[in-house]
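So you can see what is in the structure, the chains are spelled out below.
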Amino acid sequence: MTSTQGDLFPGGDRPLPEGFRYKPMILSDTAQSEVVEEIQRLPLKPFDFHGFEGKRRVISYGWKYDFETGRLTFAAAIPTFLLPTRAMAAAFADIDPDRLRQALVTEYAPGAPIGWHKDKKAFGRVVGVSLLSACTFRLRRRSGSKWERFSIVAEPGSAYLLSGPARSEWEHSIPPVERLRYSITFREVM
Ligand SMILES: O=C(O)CCC(=O)C(=O)O
């Protein structure tokens, strides 16, 4: 089931922010289990932002954003086990899979959040795939002196797309997850 809630108009079904798309079950339960099994063998490291370690563990493939230099550097080739998921994410988003040249794998232990942010401008469109457990995916943007808000439950196996204003104007965040969650964030590199 898909549920959405806008905090400014609670209870009402509201249009998605322009450029945001969501689709449940782009990956079957079996495909998810296979991907999660492979992810759990990867050498994930605590997310390090200017010396502050987040509660998430991550690994980047393809291109990686270097927070010290503010540039993209080549990490390692995207592992072959991620390519079918990338193909499905790309088909959902109507993007050539070869343009999704970064794959960021993130582990959220129970209680781990990600704060409000926009992805770096070095990247283009962003397609996120959720695995293993659901999270609340929140978006917000300034509207005069208030925030315009939108949230959606991102189910395991689902994908979302950030493009257009949803990518350039809206920030996004995930409050602390209840159960172990993985995500694969495919980002377009021009
Ligand atoms: O886990 C997710 O789906 C969101 C990831 C994200 O926003 C990020 O890494 O910048």
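Residues numbered from 1 in each chain as written. Predicted model: local features only at pLDDT ≥ 70, side-chain atom pairs only at ≥ 80, totals over all residues. Heavy atoms only, no water.

**Student:** Even after reading the chapter, I still don't get the side chain of Ser183, so can you show me in this structure?
**Tutor:** Assignment of secondary structure puts Ser183 in strand S13 (residues 181-188). Leave out the neighbours within four places in its chain, and Ser183 touches Leu104, Val105, Thr106, Tyr108 and Val129. (Helix = DSSP H or I, 4+ residues; strand = E, 2+ residues; numbered from the N terminus. Contact = heavy atoms within 4.5 Å.)

**Student:** Honestly, unusual backbone geometry in this entry has me stumped. Any pointers?
**Tutor:** Phi is positive for Asp94, which is not a glycine, with a value near 60 degrees. With respect to the secondary-structure elements, Asp94 resides in the loop between helix H2 (83-93) and strand S6 (100-108). Assessed through its relative accessible area of 58%, Asp94 is described here as exposed. Phi at Leu132 takes a positive value of approximately 80 degrees, unusual for a residue other than glycine. Structurally, the position occupied by Leu132 is in the loop between strand S8 (126-131) and strand S9 (135-143). For Leu132, a relative accessible area of 42% translates into the label partly exposed. (Buried < 20%, exposed > 50% of the residue type's maximum accessible area, 1.4 Å probe, protein only.)

**Student:** Help me understand the layout of surface pockets, please; the structure alone is not making it clear to me.
**Tutor:** To locate leftover empty space, one rolls a probe as large as a water molecule over the atoms. The volume enclosed by the largest pocket comes to roughly 820 Å³. The wall of the largest pocket is formed by 35 residues, among which Phe47, Arg56, Phe67, Leu104 and Arg187 lie closest to the centre. Sorting elements by how many residues they give to the lining of the largest pocket places strand S4 (residues 52-66) first, with 7 residues. Of the residues belonging to the lining of the largest pocket, the class tally is 15 nonpolar, 9 polar and 11 charged. (1 Å grid on protein atoms, 1.4 Å probe; cavity = no way out; pocket = protein on both sides within 12 Å on 5 of 7 lines; lining within 4 Å. Points joined across faces, edges and corners; volume = space filled by probe spheres on them. Nonpolar A, V, L, I, M, F, W, Y, C, P; charged D, E, K, R; others polar.)

**Student:** Would you mind going over helix H1 (residues 29-39) with me for this structure?
**Tutor:** The α-helix advances 3.6 residues per turn, and as a result positions three or four apart in sequence lie on the same side. Among all positions of H1, only Ala31, Gln32, Val35, Val36 and Ile39 are buried. Seen from one end, H1 has its buried residues packed into an arc of 130 degrees, which puts them on one side. The exposed set on the far side of H1, more than 90 degrees from its buried face, consists of Thr30 and Glu34. Of the surrounding secondary structure, the elements contacted by the buried residues of H1 are H2, S6, S8 and S13. (Arc of directions from axis to C-beta.)

Scope: geometric values only; no functional claims are made or implied.
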